[in-house]
Amino acid sequence: MKPATIRIVTVIAAFIAGLGAFSIAIFLISGRGPVPITQPSAVGGPFRLVDQNGEAVTEEALKGRPSLVFFGFTHCPDICPTTLFDVSEIYKALGNDGDKVKAFFVSVDPERDTPAILKEYLSSFDPRLRGLTGDPVAVAAMEKAYRVYSKKIPLDAGGYTMDHTALVYLMDKDGRFVAPFNLKRRPEESAAELKRYL
Ligand SMILES: [Cu+2]
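Bear in mind the structure is a predicted one, so any value in this text is a computation, not a measurement.

**Student:** Can you explain the coordination of the copper ion? Please cite residues and give values.
**Tutor:** Looking at the copper ion, the protein donor atoms are C76 (SG), C80 (SG) and H164 (NE2), and they sit 2.1 to 2.2 Å from it. Along the chain, the residues that donate to the copper ion are spaced as C-x3-C-x83-H. Here H164 lies in strand β7 (residues 160–164) and C80 lies in helix α2 (residues 79–94), a separation of 84 residues in the sequence. As far as the burial class goes, C80 and H164 line up, both buried.

Set out below in structure tokens:
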């Protein structure tokens, strides 16, 4: 080959090599893109229950608004009524924005917590709270999806109580789990956090 030809071949070879390096770089960059939003969250999932008015409620109810989701039962001696009271105080602190936040109290004791019992029990708290119950198998499936533990504990005097996870979950307006929600602060502070998710 003549020197001129050699130079052209070298330039073309360098160009092709450069192209290769360039496409490898693109591949590496795109391979490190953001985590796909379809990745399933560790907490949450489909469910099919009924509320205190007997209306069907599924995971679709979590969409469009941020939600607080927590589990308990109406015979609970302290934690559940305290949580329901705290959430009612947050609704008060939210003022007009209260209508833009949902809250679900899911019974871990569907055997006793019928919609009618839930309705009576929830009448002492903010009317925007929705109580969920249903078929024990459906309740157990939701507990599993939300990583909730619950267990029936027989009482000496007869009957039983329930041990259960007392976490409150904050879900965003797409129905995705954000984080456990802290109730151990002033309702105004909780309200301010919720407003960030409207
Ligand atoms: Cu409880």
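This is not the end of the story, as more comes after the structure.
**Student:** Any chance you could break down the nonpolar core for me, citing the residues and the numbers?
**Tutor:** Counting residues in hydrophobic clusters, the biggest one holds 44 residues, and the most contacted among them are V69, F71 and Y146. By residue number, the principal contributor to this core is α2, which donates six residues. The residues contacting V69, other than those within four sequence positions of it, are L62, F104, V106, M142, Y146, L167, V168, Y169 and M171.

**Student:** Hey, could you go over the pairing of strand β6 (residues 150–154) for me, with residue numbers and the actual values?
**Tutor:** Relative to β7, β6 runs antiparallel, the two being bridged by five bridges. Within β7, the residue paired with S150 across the bridge is H164. What sits between β6 and β7 in their antiparallel hairpin is a turn of five residues, with G158 showing a positive phi close to 100°.

**Student:** So what's going on with the packing of aromatic side chains? Residues and values would help.
**Tutor:** Counted according to the given criterion, the structure contains six aromatic pairs. The interplanar angle of 55° and the centroid separation of 5.9 Å between the aromatic rings of Y146 and Y169 together place this pair among those described as tilted. Here Y146 is found in the loop between α4 (136–145) and β6, whereas its partner Y169 is found in strand β8 (residues 168–171), with 23 residues between them in sequence. For Y146, a relative accessible area of 0% translates into the label buried. Classification of Y169 by relative accessible area gives buried; the value is 3%. With 5.6 Å between their ring centres and 80° between their planes, Y169 and F177 make a pair best called edge-to-face. F177 gets classed as partly exposed once you look at its relative accessible area, which sits at 23%. By the ring-pair criterion, three or more aromatic residues cluster together here, those being F70, F105, Y121 and F125. Positioned over the ring face of Y160 is K152, at 4.5 Å from the centre of the ring.

**Student:** Let's hear about the pairing of strand β9 (residues 177–180): which residues, and what values?
**Tutor:** Two faces make up the sheet, and in a regular strand the side chains alternate between them. For β8 and β9, the ladder comprises three bridges, and the chain directions are antiparallel. Within the sheet, the bridge partner assigned to M171 lies in β9 and is F177. Joining the antiparallel neighbours β8 and β9 is a turn of five residues, in which G175 adopts a positive phi near 80°.

**Student:** So what's going on with α2? Which residues, and what values?
**Tutor:** With 16 residues, α2 extends 22 Å from end C-alpha to end C-alpha; this agrees with the ideal 22 Å at 1.5 Å per step. G95 lies just past α2 and shows a positive phi near 60°.

**Student:** Go over the sheet that holds strand β4 (residues 102–107), please, and point to the residues and values.
**Tutor:** Read from one edge of the open sheet, seven strands run β2-β1-β5-β4-β3-β8-β9, paired in mixed fashion. Looking along the sheet, the strands with just one partner apiece sit at the ends: β2 (56–58) and β9. Averaged over all adjacent pairs, the angle separating strand axes in this sheet is 35°, with direction ignored. Docked against the sheet, helix α3 (residues 115–122) engages β1 (48–51), β4 and β5 (129–133), running at close to 155° with respect to β5.

**Student:** Quick one: what's the story with the pattern of salt bridges, residue by residue and with numbers?
**Tutor:** Taken as a whole and assessed by the stated rule, the structure comprises 14 salt bridges. A salt bridge links R112 to D109; its shortest N-O distance comes to 2.7 Å. Between E188 and R186 there is a salt bridge whose closest N-O contact spans 3.3 Å. The class for E188 is partly exposed, based on a relative accessible area of 44%. Several salt bridges share partner residues, and in doing so they unite D51, E55 and R130 into one network.

What counts as what
Residues numbered from 1 in each chain as written. Predicted model: local features only at pLDDT ≥ 70, side-chain atom pairs only at ≥ 80, totals over all residues. Heavy atoms only, no water. Donors = N, O, S within 2.8 Å, 3.2 Å for Na, K, Ca; no water. Helix = DSSP H or I, 4+ residues; strand = E, 2+ residues; numbered from the N terminus. Buried < 20%, exposed > 50% of the residue type's maximum accessible area, 1.4 Å probe, protein only. Core = buried A, V, L, I, M, F, W, Y, C linked by side-chain atoms within 4.5 Å. Contact = heavy atoms within 4.5 Å. Pairing = 2+ DSSP bridges. Phe/Tyr/Trp six-rings, centres within 6.5 Å; stacked < 30°, edge-to-face > 60°. Lys NZ or Arg CZ within 6 Å of the ring centre and 35° of its normal. Expected span 1.5 Å × (residues − 1). Axes fitted to C-alpha atoms, helices over the stretch in contact; angles between N-to-C directions. Salt bridge = Lys/Arg side-chain N within 4 Å of Asp/Glu carboxyl O.

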